[in-house]
Amino acid sequence: MTYVTLFGGSLIFQVWINYKNKSTKGFSTDYALTGFVGFFFLVFNQTIGKIDPSTDAGRVNIMDLNFALQAFFCSSCAYTQTLIYPSHKSLKSTKIIVGILLTVFLLGAVLETQFNIPFKSYSFISLIDLAAFIKAGSSLVKYLFQVRENWINKSTQGVSRAAFWSDLFGTIFCFLQL
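Residues numbered from 1 in each chain as written. Predicted model: local features only at pLDDT ≥ 70, side-chain atom pairs only at ≥ 80, totals over all residues. Heavy atoms only, no water.

S.K.: How should helix α2 (residues 29–51) be read in this particular structure?
M.R.: Helical geometry: 3.6 residues make up each α-helical turn, so side chains three or four residues apart lie on a common side. Spanning 23 residues, α2 covers 33 Å between terminal C-alpha atoms, matching the ideal 33 Å at 1.5 Å per step. Between the side-chain oxygen of the N-cap and the backbone nitrogen of Asp30 there are 3.3 Å, and the N-cap of α2 in question is Ser28. (Helix = DSSP H or I, 4+ residues; strand = E, 2+ residues; numbered from the N terminus. Expected span 1.5 Å × (residues − 1). Polar contact = N/O pair within 3.5 Å; in protein donor to acceptor, adjacent residues only side chain to side chain.)

S.K.: Hey, could you run me through the packing of aromatic side chains in this one?
M.R.: Two aromatic rings, taken as a pair, are described by how far apart their centres are and by the angle between their planes. The tally for this structure, following the rule as stated, stands at 14 aromatic pairs. Ring geometry for Phe40 against Phe41: centres 5.1 Å apart, planes inclined by 80°, an arrangement best described as edge-to-face. By way of ring pairs, the aromatic residues Phe36, Phe40, Phe41, Phe44, Phe72, Tyr79 and Phe105 are connected into one cluster. Sitting over the ring of Tyr19, Lys22 keeps its end group 3.4 Å from the ring centre. Here Lys154 stacks its cationic end above the ring of Trp151, 3.9 Å away from the centre of that ring. (Phe/Tyr/Trp six-rings, centres within 6.5 Å; stacked < 30°, edge-to-face > 60°. Lys NZ or Arg CZ within 6 Å of the ring centre and 35° of its normal.)

S.K.: Honestly, the packing of α2 against helix α6 (residues 127–153) in this entry has me stumped. Any pointers?
M.R.: Angle between the axes and distance between the axes are the two parameters that describe a pair of packed helices. Axis separation between α2 and α6 bottoms out at 8 Å; the angle between their running directions is 155°. Classified by the angle between their axes, α2 and α6 sit roughly antiparallel to one another. Seen from above, α2 lies across α6 with left-handed handedness. Between α2, through Asp30, Tyr31, Thr34, Gly35, Gly38, Phe39, Phe41, Leu42, Phe44, Asn45 and Ile48, and α6, the contact on the second element is made entirely by Leu127, Ile128, Ala131, Ala132, Ile134, Lys135, Ser138, Lys142, Tyr143, Phe145 and Gln146. Broken down by class, the residue content of the contact of α2 with α6 amounts to 13 nonpolar, six polar and three charged. (Axes fitted to C-alpha atoms, helices over the stretch in contact; angles between N-to-C directions. Parallel < 35°, antiparallel > 145°, perpendicular 65-115°, else oblique. Left-handed = near helix turned anticlockwise from the far one by under 90°. Contact = heavy atoms within 4.5 Å. Nonpolar A, V, L, I, M, F, W, Y, C, P; charged D, E, K, R; others polar.)

Honestly, it's all geometry; don't read function into it.
In structure tokens:
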């Protein structure tokens, strides 16, 4: 429950700052896009695990699914704000990589659901594992985009400090739980 509150709070704080400023300048558009895509895959993974615990997603607690849905909603709001409010453009490379990942996943999903060809039969992982890896990768990479944005601007203005502190404490509680 604690990590859901802390991680979810971090996302809400950033959405609020963007709304209050009527701008996302200083908040990395690449961070927002990467987070949005990552949480999309987290919702997919957690939903499958909640529906069928025998899949590669494993047994998923309702709080995990609740967090995934909350995070997806807030990250979609934050990314939408980068499209509505004044913001710095996303890197072309980020858009290309996101497009490739979504295309590979969509093609794999179509082959698996429509033609009954399991993703694992022609790759080394299942479609559910691919979603989990994409989510984990997005979590590792997205902060680098915000660091880059802060470096370029020589400022953290536009970024919710409460969001990053809340995120840090959520991470600490996750490690303590392990």
